[in-house]
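# Observations on the model geometry
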Amino acid sequence: MKAEADREDQVGAEKAERNSADAATRAEADVATRTRTKAEVATTSLMEAVVERGNMKLAYQRVVENKGAAGVDELAVSELEDHLKRYWPTIRARLLAGDYWPMAVRRVDIPKPQGGVRTLGIPTVVDRLIQQALHQVLQPVFEPTFSDASYGFRPGRNAHQALRRAQQFVASGKRWVVDIDLEKFFDRVNHDLLMSKLAAKIGDARVLTLIRRYLEAGMMADGLVQPRTEGTPQGGPLSPLLSNILLTELDRELERRGHAFCRYADDCNIYVASERAGVELMQSLTRFLAERLKLKVNATKSAVARPWQRKFLGYSMTWHQKPKLRIAAPSLQKLTEKVRVLLRGARGRSLATTIQTLNPVLRGWAAYFKLAETRRALEECDGWMRHRLRCILWRQWKRRSARVRNLMQRGLTKELVRPSGAGVAARYCAAPPARFMNRRMRNRTSGGVGGRRA
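Basis of the calculations
Residues numbered from 1 in each chain as written. Predicted model: local features only at pLDDT ≥ 70, side-chain atom pairs only at ≥ 80, totals over all residues. Heavy atoms only, no water. Buried < 20%, exposed > 50% of the residue type's maximum accessible area, 1.4 Å probe, protein only. Helix = DSSP H or I, 4+ residues; strand = E, 2+ residues; numbered from the N terminus. Arc of directions from axis to C-beta. Expected span 1.5 Å × (residues − 1). Contact = heavy atoms within 4.5 Å. Polar contact = N/O pair within 3.5 Å; in protein donor to acceptor, adjacent residues only side chain to side chain. Phe/Tyr/Trp six-rings, centres within 6.5 Å; stacked < 30°, edge-to-face > 60°. Lys NZ or Arg CZ within 6 Å of the ring centre and 35° of its normal. Salt bridge = Lys/Arg side-chain N within 4 Å of Asp/Glu carboxyl O. Pairing = 2+ DSSP bridges. Axes fitted to C-alpha atoms, helices over the stretch in contact; angles between N-to-C directions. Parallel < 35°, antiparallel > 145°, perpendicular 65-115°, else oblique. Left-handed = near helix turned anticlockwise from the far one by under 90°. Nonpolar A, V, L, I, M, F, W, Y, C, P; charged D, E, K, R; others polar. Core = buried A, V, L, I, M, F, W, Y, C linked by side-chain atoms within 4.5 Å. 1 Å grid on protein atoms, 1.4 Å probe; cavity = no way out; pocket = protein on both sides within 12 Å on 5 of 7 lines; lining within 4 Å. Points joined across faces, edges and corners; volume = space filled by probe spheres on them.

## Brief notes about helix H17 (residues 400-409)
Regarding H17, the residues found buried are Ala402, Arg403, Asn406 and Leu407. Down the axis, H17 shows its buried residues gathered within 130° of arc, on one side only.

What follows is the structure, given as structure tokens:
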């Protein structure tokens, strides 16, 4: 009877394999929402689920959509399809046999706005594909174990939800925040500790071995591969899930103590009623993270302060009893620096082309900061950008005669232009005509900045 049941199971599995192509449109929803019991995890061969056709097809779609740079093998995303047609049977066989070894990751250092660098590890395209397939299978296994206060890199959760929850905590009277910054979190993850947490839910030794190999894959810089004994480099699809698995222990500890908190990846804010309670909590959590998770709190970036004195996910708050969300000053500064770079490369191009280049950046920025409830910073930023666009026009007009003619076409009289004759030939930002330009070139006039909103 057992042999017959096994044959039926095998036939069912083969049938599901053949029908997986027809179910491709439903694959993403099934992978993201299906949960597994402990019994299922113990008996399911997870590696077979990883390399299953529907799961790999979805992983391929995700990798292609995300694009991204090539790894150390210089294989581009556009070349992945042809590569898989040739080598996927061999790669699949090695994964099922537990004999697959990932390549080293390519090191890329990204400057931080506050100074220093953030190190990214860019896996090869093939390794990104396998990591994405692993992520899709492991996410539903670990998702039920995560805290409701964790909002980062989880299906159905986002930064806006974390910000709204934090706003509610402050409005309820918890007007002190313990802002914890983990020092080089992704570079300091303890491999043994993380693997023990994975092994508690995963019964497939091949999957555990593969994840360990990804964690220990070397990092290549300047042609040299450096071995790695700790950390899970940012840049791979699996790293966000692994960070949530490790930091869930912190979430459970805060819940056990009854604290109100929001965590987004390694960015954690705990809201308390007094400064004294915040200081004591900071000290105890620093010890807890060092002893239990082998992580170090960055003392220079962490603080116990008022919520309106700190930033969380790019936002800050006002001091009102029912606080309003506002854009943090560093976020505005980061935008202005990015716009400066774009406009610096706009010389010699038409204003319409410049606006087309600028608008996608502004739309993305506005979509993220749409929760802002204060207008002054946005109005000042908008005015500054329009001023810079008018500067481009001023440079393009070049000659004094062209500047006079264009100013007059926009409604200035000779009496207004001639007294500023020296200024008309001068640099726009320091010239008297600047106020005329700002006055005459309205946001929605045909003679204004491109005749559209910038």
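## Some points on helix H8 (residues 159-171)
End to end, H8 covers 18 Å across 13 residues, agreeing with the expected 18 Å (1.5 Å per residue, within 8%). Turning to H8, its buried residues are Ala159, His160, Ala162, Leu163, Ala166, Gln167, Phe169 and Val170. Where H8 is buried, its residues contact strand S6 (260-264), strand S7 (267-272), strand S9 (315-317), strand S10 (325-327) and helix H15 (351-368). For H8, the N-terminal cap is asparagine 158; the gap from its side-chain oxygen to the backbone nitrogen of histidine 160 is 3.1 Å.

## Let's talk about the packing of aromatic side chains
By the definition in use, this model includes 7 aromatic pairs. For the pair tyrosine 315 and phenylalanine 369, a centre-to-centre distance of 5.1 Å together with 40° between the ring planes defines the contact as tilted. With tyrosine 315 in strand S9 and phenylalanine 369 in the loop between H15 and helix H16 (376-397), the pair connects residues that are 54 residues apart, well separated along the chain. For the pair formed by tyrosine 315 and phenylalanine 369, the shared burial category is buried. Taken together through their ring pairs, the aromatic side chains of Tyr315, Trp365, Tyr368 and Phe369 make up a single cluster. Just above the ring of tryptophan 101 sits the side chain of arginine 213; from NZ or CZ to the centre is 3.9 Å.

## A word on the pattern of salt bridges
Enumeration according to the criterion identifies 21 salt bridges in this entry. Glutamate 249 serves as the salt-bridge partner of lysine 197, at 2.5 Å between the closest nitrogen and oxygen. Of this pair, lysine 197 sits in helix H10 (residues 191-199) while glutamate 249 sits in helix H12 (residues 239-257), and the two are 52 residues apart along the sequence. By relative accessible area, which is 16% here, glutamate 249 ends up buried. Arginine 257 is the partner of glutamate 253 in a salt bridge, and the nearest nitrogen-oxygen pair spans 2.9 Å. Linking glutamate 253 with arginine 257, this pair stays in helix H12, spanning 4 residues, or about one helical turn.

## A look at the pairing of S6
Here S6 lies mainly inside the structure; 4 of its 5 residues are buried. Two elements, S6 and S7, share 5 bridges in a ladder whose sense is antiparallel. Each residue of the ladder has a partner; that of cysteine 262, found in S7, is asparagine 269.

## Let's talk about the packing of helix H5 (residues 53-66) against helix H7 (residues 125-142)
In the contact formed by H5 and H7, the axes pass within 9 Å of each other and the chain directions differ by 125°. Our classification of the angle between H5 and H7 gives oblique. Every pair of crossing elements has a handedness; the one defined by H5 and H7 is right-handed. Along its contact with H5, which presents Asn55, Met56, Leu58, Ala59, Tyr60, Arg62 and Val63, the element H7 presents Val125, Arg128, Leu129, Gln132, Ala133, Gln136 and Val137. Within the contact of H5 with H7, the residues separate by chemical class into 9 nonpolar, 3 polar and 2 charged.

## Structural notes on the nonpolar core
Among the nonpolar cores identified, the biggest contains 65 residues, and Leu95, Ile130, Ile180, Leu198, Ile270 and Leu289 are the most heavily contacted of them. By residue number, the principal contributor to this core is H7, which donates 10 residues. If we ignore the near neighbours within four places in the chain, the residues touching leucine 95 are Met47, Val51, Trp88, Tyr100, Ile130, Arg206 and Leu210. Membership of the second largest hydrophobic core comes to 39 residues, among which are Leu351, Leu362, Trp365 and Trp397.

## Focus on the sheet that holds strand S8 (residues 303-305)
The sheet built from 4 strands is open, its strands ordered S6-S7-S3-S8 with antiparallel pairing. Edge positions in the open sheet fall to S6 and S8, since each of these has one partner strand only. Neighbour to neighbour, the strand axes of the sheet diverge by 15° on average, direction disregarded. Along the sheet face, H8 touches S6 and S7 and points at about 160° away from the line of S6.

## Quick word on empty space enclosed by the protein
A full pass over the atoms with the stated rule returns 4 cavities of 30 Å³ or more. The volume enclosed by the largest cavity comes to roughly 110 Å³. Around the largest cavity, the lining is made up of 14 residues, and of these Gln131, Tyr214, Thr232, Pro233 and Ser239 lie nearest the centre. Elements represented by at least two residues in the lining of the largest cavity include exactly helix H11 (205-216) and H12. By residue number, the principal contributor to the lining of the largest cavity is H11, which donates 3 residues. Partitioned by chemical class, the residues of the lining of the largest cavity number 8 nonpolar, 5 polar and 1 charged. By volume, the second largest cavity amounts to about 90 Å³. Around the second largest cavity, the lining is made up of 13 residues, and of these Asn269, Tyr271, Pro307, Phe312 and Met317 lie nearest the centre.

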